[in-house]
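Each chain is listed here by its residues.
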Amino acid sequence: MRILVGVTGGIAAYKAAGVIRGFTELGHIVKVLPTQNALRFIGATTLEALSHNAVDPDLYTDVDSVKHIALAQEADLIVVAPATAAFLARYASGIADDLLLNVLLATKAKVVIAPAMHTEMWIHPATVTNVQLLRARGVVVIEPAVGRLTGEDSGAGRLPEAEVIVSQALNAVTNQDFAGKRLTIAAGGTREPIDSVRFIGNRSSGKQGIALADAASTRGATVTLIAINIDSDLSRFSNVVRVSSTEELSAALNAASLTSDAILMPAAVSDFRMSSPVIGKMHREDSDTKNLELVANPDLLVGLSRLRMDSKLNVALVGFAAEVLEPGQGSEELIDRAKEKLAKKGVDMIVANDVSNGQVFDADDNSVVIITKEEQQLSAGSKLTVANSILDVLRKFL
Ligand code: CTP
C-alpha cells in the first residue's frame with residue numbers, strides 16, 4: 001500500500017519515526033509530509049532515511065508537477081501523527097495553507113489522525129467540536145493515550161504507541177473478514193537442550209509466522225502468537241506466549257487450542273530431543289567422538305488432528321512443510337510432497353516451500369504452494385503477501 005504520513009509540529013513528532021518504521025517494516029511504501037513546524041521537532045534527514053523517500057514540505061517547490069494533487073491521488077492511506085490542536089482546527093475548517101492541508105483537501109484516500117496535546121487542549125470545546133466534525137466526515141481519529149505528558153503533568157493527550165497507530169490505521173482500510181475469529185500461530189524454531197549451555201536448534205527466523213500474525217490482526221482476528229525463541233520486537237501483539245522447547249510448545253498449544261478457531265504451525269519443530277539432557281556443562285573428556293542419545297518428539301500437529309477426530313477439538317489446522325528439493329526437481333515434486341503431508345498429518349491445509357540452499361531463512365520474501373484437498377495455488381512475494389494468501393484460503397475452513 002502507498003501510505004502518506006503527515007507529521008505536525010508537536011513534541012510527539014519524534015514518535016512519528018516509529019510509525020514510519022512500522023509501515024515500512026510491513027512492506028508498505030511510505031512518503032512523509034511534515035509541516036514546517038514539525039521540522040522544528042524532527043529532522044527531514046531522519047524522515048527521509050526511515051521512509052526511503054525524499055521529504056519536501058514546501059508548497060511552492062516543483063509547482064509545475066502540481067504536487068499536492070499528485071500526492072493526494074497516489075496515496076491509498078494518509079496518516080497524520082501527531083496531529084496538533086491547531087492542525088485539527090485548520091483541517092476541520094478546510095484551511096489549506098500548507099502542503100499537508102492541501103493534500104488532505106484534495107484526497108479521496110482514507111485519512112487517519114492521531115492527535116497529541118495537553119489534556120486541557122484535548123478537552124477544550126473547540127477541539128471537541130473539531131474532532132466530532134472530522135469524524136462525521138469519515139476521518140478516523142484515534143483516541144489519545146492517557147499518561148505522562150511533556151511537563152510534570154499526566155492525563156489524556158499522549159500520542160499512542162507507534163504499534164497502536166500502525167495497526168489502527170491499517171485496520172481502517174482493511175476488510176475485517178477475520179473479525180471474531182481466534183487464531184493461534186506458532187512461529188520460530190524449537191531448541192532442545194543438550195546441556196545447560198548447548199541445544200539442538202534450527203534456522204527458522206519466525207518471520208513467516210510473525211507476518212501471519214500481523215496479517216491476521218490487521219484483518220480483525222484475535223491472535224495468540226506462540227513465539228518460539230524469537231528475539232525480534234513483538235510488543236505490538238497483545239497475546240504472546242514465549243516458549244523454547246517442543247515440550248513447552250506442546251503445553252502452550254494444548255492450552256490455546258481450546259479457545260482457537262484455527263491453529264497455524266509455521267513453527268520448525270525438532271523431531272528429536274536428548275533422552276536425558278546433561279545437567280551442567282558437558283565436558284570434552286579428550287575423546288574424538290561423542291554419541292548423543294536422542295528420542296523422538298511427538299508430532300504436535302498429528303496430536304491436534306487426532307483430538308479433532310475424537311471430537312475433542314473444533315479447529316482448522318494449517319501445517320507447513322519446509323522441503324529440500326534436489327537439483328532438477330520443481331514445483332510438481334513440492335506439490336506431491338505437500339499432498340502426502342496433508343494426508344499424513346490429517347490437516348486442512350499444507351503450506352510448502354523449497355528451502356534448499358537456505359535461501360528462505362531470515363529472508364523477507366517467500367514462495368510457497370498452498371495445498372488443500374480441493375485446491376492448490378502458488379503464492380510468492382513478501383512474507384506479508386504470502387500470509388494474506390494463506391489467510392484467503394484458510395477463511396473457507398472457518
Ligand atoms: N510438526 C509438529 N511436530 C513435530 C514436527 C513437525 O507439529 N514434532 C509440524 C510443523 O510445525 C509443520 C509440520 O508439522 O507445520 C511439518 O513439519 P515437517 O518438519 O516438514 O514435518 P515432518 O513430519 O517432520 O516431516 P519430515 O519427515 O519431512 O521432516
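Residues numbered from 1 in each chain as written. Predicted model: local features only at pLDDT ≥ 70, side-chain atom pairs only at ≥ 80, totals over all residues. Heavy atoms only, no water.

A look at the nonpolar core
If you look at the biggest cluster of nonpolar residues, it comprises 63 residues, and the most contacted ones within it are Phe23, Leu183, Leu264 and Leu394. At seven residues, helix α13 (residues 383-394) tops the list of elements feeding residues into this core. Counting contributing residues, this core receives three or more from each of domain 1 (2-173) and domain 2 (182-397). In this view, Leu264 contacts Leu183, Thr184, Ile185, Ala186, Leu212, Val318, Phe320, Ile390 and Leu394; residues no more than four positions away in its chain are not counted. (Core = buried A, V, L, I, M, F, W, Y, C linked by side-chain atoms within 4.5 Å. Buried < 20%, exposed > 50% of the residue type's maximum accessible area, 1.4 Å probe, protein only. Helix = DSSP H or I, 4+ residues; strand = E, 2+ residues; numbered from the N terminus. Domains from an automatic or database assignment. Contact = heavy atoms within 4.5 Å.)

Some words on the domain arrangement of the chain
The accessible area lost on association of the parts is a frequent measure of interface size. Partitioning the chain into domains gives domain 1 (2-173) and domain 2 (182-397). Computed over C-alpha atoms only, the centres of domain 1 and domain 2 are separated by 38 Å. Contact with domain 1, which involves four residues of that partner, is made by six residues of domain 2. Across the domain 1 to domain 2 interface the summed buried area is about 450 Å²; carbon plus sulfur atoms make up 60%. The three residues of domain 1 that bury the most area against domain 2 are Leu26, Glu163 and Asn171, which together make up 81% of that side's buried surface. In this assembly, domain 1 and domain 2 are joined by zero residue pairs in polar contact (both at pLDDT 80 or more). A breakdown of the residues in the side of domain 1 that touches domain 2 according to their chemical character gives two nonpolar, one polar and one charged. (Buried area = accessible area lost by both parts, 1.4 Å probe. Polar contact = N/O pair within 3.5 Å; in protein donor to acceptor, adjacent residues only side chain to side chain. Nonpolar A, V, L, I, M, F, W, Y, C, P; charged D, E, K, R; others polar.)

Describing the environment of Ile390
Within the element layout of this structure, Ile390 appears in helix α13. Aside from chain neighbours lying at most four places away, what touches Ile390 is Leu212, Leu264, Phe320, Met349, Val351 and Ile370.

Things to note about the side chain of Lys67
One can find Lys67 in helix α3 (residues 67-74). Take Lys67: its relative accessible area is 12%, and that puts it in the buried class. When residues no more than four places from it in sequence are discounted, the contact partners of Lys67 are Asp56, Asp58, Leu59, Thr61, Asp62 and Leu99.

Focus: the sheet that holds strand β5 (residues 140-141)
Read across the sheet, five strands follow the order β2-β1-β3-β4-β5 without closing on themselves; strand pairing throughout is parallel. Only two strands of the sheet have a single partner each, and these edge strands are β2 (29-34) and β5. In terms of strand pairing, strand β4 (residues 110-115) meets β5 through two bridges, oriented parallel. For Val112, the partnering residue across the bridge sits in β5 and is Val140. Helix α4 (residues 85-93) rests against β3 (77-83) and β4 of the sheet, and its axis sits at about 150° to β4. (Pairing = 2+ DSSP bridges. Axes fitted to C-alpha atoms, helices over the stretch in contact; angles between N-to-C directions.)

What about a nonpolar patch on the surface?
Judged by side-chain polarity, Phe272, Leu292 and Leu294 come together as a nonpolar surface patch covering roughly 250 Å² of accessible area. In this structure, Phe272 sits in strand β14 (residues 272-274). Relative accessible area serves as the criterion here: at 42%, Phe272 is assigned to the partly exposed category. (Patch = residues over 30% accessible without salt bridge, like charges linked within 9 Å, V, L, I, M, F, W, Y side chains within 5 Å. Areas by Shrake-Rupley, 256 points an atom, 1.4 Å probe, with all protein chains shown as cover. Salt bridge = Lys/Arg side-chain N within 4 Å of Asp/Glu carboxyl O.)

Overview of unusual backbone geometry
Negative phi characterises most residues that are not glycine, and trans characterises most peptide bonds. A cis amide bond links Ala81 with the next residue in sequence, Pro82, at an omega value of -5°. Residues other than glycine seldom take positive phi values, yet Asp62 does so here, at roughly 50°. Considering the arrangement of structural elements, one finds Asp62 in the loop between α2 (44-51) and α3. Notably, Val66 is not glycine yet its phi reads approximately 45°, a positive angle. Looking at where Val66 falls in the secondary structure, it is placed in the loop between α2 and α3.

Description of the pattern of salt bridges
Counted according to the given criterion, the structure contains 22 salt bridges. Between Arg2 and Asp76 there is a salt bridge, with its nearest N and O atoms 3.6 Å apart. One end of the pair, Arg2, is in strand β1 (residues 2-7); the other, Asp76, is in the loop between α3 and β3, and 74 residues separate them in sequence. The exposure class of Asp76 is partly exposed, given its relative accessible area of 33%. We note a salt bridge from Arg135 to Glu143, for which the minimum N-O separation is 2.9 Å. Judged by its relative accessible area of 36%, Arg135 falls in the partly exposed class. Exposure remark for Glu143: the relative accessible area of 45% places this residue in the partly exposed category. Where salt bridges share partners, they join Asp177, Arg219, Asp392 and Arg395 into one cluster.

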